[in-house]
Amino acid sequence: MSQSSALYPLDHKSTVYIAGHRGMVGGAIWRELSNRGFTNLIGATSQELDLRNREAVFEFFQEVKPDVVIDAAARVGGILANNTYPAEFLSDNLQIQVNIMDAANSVDVDRLLFLGSSCIYPKFAEQPIKEDSLLTGALEPTNDAYAIAKIAGIMQVQASRRQYGRHWISAMPTNLYGPGDNFHPDNSHVLPALIRRFHEAKLAGDSEVVMWGTGTPRREFLYVEDLARACIFLLENYDSPETINVGVGDDISIRELGEIVASTVGYTGKIEQDLSKPDGTPRKLLDISRIKALGWAPEVELEEGISRTYEWFQAHNSELRAK
């Protein structure tokens, strides 16, 4: 769908506040909007604005008075981080999104996009997962605190639409990766963790790399620049209280993912599985028929996306190692 045929076209001079603009997702959205000629993008680092500080967030919104808000701010992490710090993942994310949305309502922001996560869906939801699977079953225990926070965000979007007549929407991306990802050895998601692990194993000349779990769980991976394009597409073509999935429509086993990463990195040793480590949800594939019916589709294939991500990692590896 072209820019001219958008149902709710955005004014390129609109003040657009991107919460979390220094993160992987927010950064990709910022670049995409900038490339499209948006001239009034607003961001604030966590040092400049602690989104958990309610009074500070309200003061910021009173000063900026954005026309559009994109909430890409969140405390995020992989299985280990979610399972180790559930209290922080619940509390921080609830505070961040409640403060942003309440402050947005206080200055009558009419257009807002809230980004959630596919972990909101039940652990054993029917695959591919449709949007109406929400709240139909138990969550995956290793990230249920994070999921509950994101579900609350969806509810707040719906409540604001109902009570104030806002044109707010929420989108649920699948597993994301790309430039700007978190490559921390303990607190990262699976794909960047594998890139770092195989890269360091290659440099060290290790004969084997050990991956968590059985390797059989299947996951879907969306390149972050595709998500950025989807976010703008949805703001211009979607206006419904129901959340909408954003993914690629197919998945891959963790073992196969590891083999692709190893090949991309140039690691030639053996890959072993640590069966004592958790697998997480057996499968998590989103049904993306609704967003595809609107006219959007991803553009970057997994192998190409991993190659681009590895190039970015290599270019920034020295600063990443310091974190």
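For the structure itself, look to the data block above.
Bear in mind the structure is a predicted one, so any value in this text is a computation, not a measurement.

S.K.: Can you break down the pairing of strand E1 (residues 16–19) residue by residue, with the values?
M.R.: The alternating pattern of E1 places Val16 and Ile18 and Tyr17 and Ala19 on opposite faces, both of which are buried. Here two bridges tie E1 to strand E2 (residues 41–42), and the two strands are oriented parallel to one another. When the sheet's bridge partners are listed, Val16 is paired in E2 with Leu41. Two elements, E1 and strand E3 (residues 68–71), share four bridges in a ladder whose sense is parallel. Bridge pairing in E3 links Val16 to Val68.

S.K.: I'd like to hear about helix H1 (residues 24–35), residue by residue, with values.
M.R.: Think of an α-helix as 3.6 residues a turn; residues three or four steps apart then line up on the same face. Here H1 is twelve residues long and its end C-alpha atoms lie 17 Å apart, about the 16 Å a rise of 1.5 Å per residue gives. Listed as buried for H1 are Met24, Val25, Gly26, Gly27, Ala28, Ile29, Glu32 and Leu33. Turning to H1, the residues buried within the fold contact E1, E2, E3, strand E4 (111–115), strand E6 (175–177) and helix H7 (224–237). Gly37 lies just past H1 and shows a positive phi near 95°.

S.K.: Help me get a handle on the sheet that holds strand E11 (residues 252–253), residues and values and all.
M.R.: Each strand in a sheet pairs with another by means of backbone hydrogen bonds, the pair being arranged parallel or else antiparallel. Overall, mixed pairing links the three strands, which are arranged E11-E8-E13 in an open sheet. Edge strands, defined here as strands with exactly one partner in the open sheet, are E11 and strand E13 (283–284). Here strand E8 (residues 218–219) runs beside E11; their pairing, made up of two bridges, is antiparallel. Residue pairing for E11: Arg218 is matched across the bridge by Ser253.

S.K.: Explain the layout of surface pockets to me, using residue names and the numbers behind them.
M.R.: Volume-wise, the second largest pocket comes out at about 270 Å³. Along its surface, the second largest pocket is lined by 17 residues, and Val248, Asp250, Val300, Glu301 and Leu302 are the ones closest to its centre. At the level of elements, strand E9 (221–223) and helix H10 (302–321) are the ones that each hand at least two residues to the lining of the second largest pocket. If one sorts the elements of the lining of the second largest pocket by residue count, E9 sits on top with three residues.

S.K.: How would you explain the environment of Asp110 if you had to name every residue and give the values?
M.R.: If you trace the backbone, Asp110 turns up in the loop between helix H4 (86–106) and E4. The spatial distance from the C-alpha of Asp110 to the C-alpha of Ser160 is 10.0 Å, given a sequence separation of 50 residues. Sequence-distant contacts of Asp110, that is, excluding residues within four places in its chain, are made with Asp67, Gly165, Arg166, His167 and Trp168.

S.K.: Report on the packing of helix H2 (residues 54–64) against H4, specifying residues and quantitative values.
M.R.: Where H2 meets H4, the closest approach of the two axes is 9 Å, and the angle between their N-to-C directions is 35°. When you trace H2 past H4, the crossing you get is right-handed. Counting all contacts with H2, which are made through Arg54, Val57, Phe58, Phe61 and Gln62, the residues of H4 involved are Val98, Asn99, Ile100, Asp102, Ala103, Ala104 and Ser106. Considered class by class, the residues forming the contact of H2 with H4 number seven nonpolar, three polar and two charged.

S.K.: Can you lay out the sheet that holds strand E10 (residues 244–246) for me, pointing to particular residues and giving the numbers?
M.R.: On the basis of which strands lie adjacent, the open sheet formed by six strands has the order E2-E1-E3-E4-E5-E10 and parallel pairing. On the outer flanks of this sheet lie E2 and E10, each paired with one strand and no other. Seen against the sheet, H1 touches E1, E2, E3 and E4 and runs at an angle of roughly 155° to E1. Packed onto the sheet, H7 meets E3, E4, strand E5 (167–173) and E10 and runs at close to 145° relative to E4.

S.K.: Give me empty space enclosed by the protein: which residues, what numbers.
M.R.: In this structure the tally under the stated criterion is one cavity of 30 Å³ or more. Reported here for the largest cavity is a volume of approximately 70 Å³. In this structure, the largest cavity is lined by 13 residues; those nearest its centre are Cys119, Tyr121, Pro122, Thr281 and Lys284.

S.K.: So what about unusual backbone geometry? Which residues, and what values?
M.R.: Note that the residue after Gln127, namely Pro128, is joined by a cis bond; omega there is -10°. With respect to the element layout, Pro128 can be found in the loop between E4 and helix H5 (144–164). Not every positive phi belongs to a glycine, and Lys65 is a case in point at roughly 45°. Phi is positive for Leu135, which is not a glycine, with a value near 65°.

Thresholds, definitions, all that
- Residues numbered from 1 in each chain as written.
- Predicted model: local features only at pLDDT ≥ 70, side-chain atom pairs only at ≥ 80, totals over all residues.
- Heavy atoms only, no water.
- Buried < 20%, exposed > 50% of the residue type's maximum accessible area, 1.4 Å probe, protein only.
- Helix = DSSP H or I, 4+ residues; strand = E, 2+ residues; numbered from the N terminus.
- Pairing = 2+ DSSP bridges.
- Expected span 1.5 Å × (residues − 1).
- Contact = heavy atoms within 4.5 Å.
- 1 Å grid on protein atoms, 1.4 Å probe; cavity = no way out; pocket = protein on both sides within 12 Å on 5 of 7 lines; lining within 4 Å.
- Points joined across faces, edges and corners; volume = space filled by probe spheres on them.
- Axes fitted to C-alpha atoms, helices over the stretch in contact; angles between N-to-C directions.
- Left-handed = near helix turned anticlockwise from the far one by under 90°.
- Nonpolar A, V, L, I, M, F, W, Y, C, P; charged D, E, K, R; others polar.

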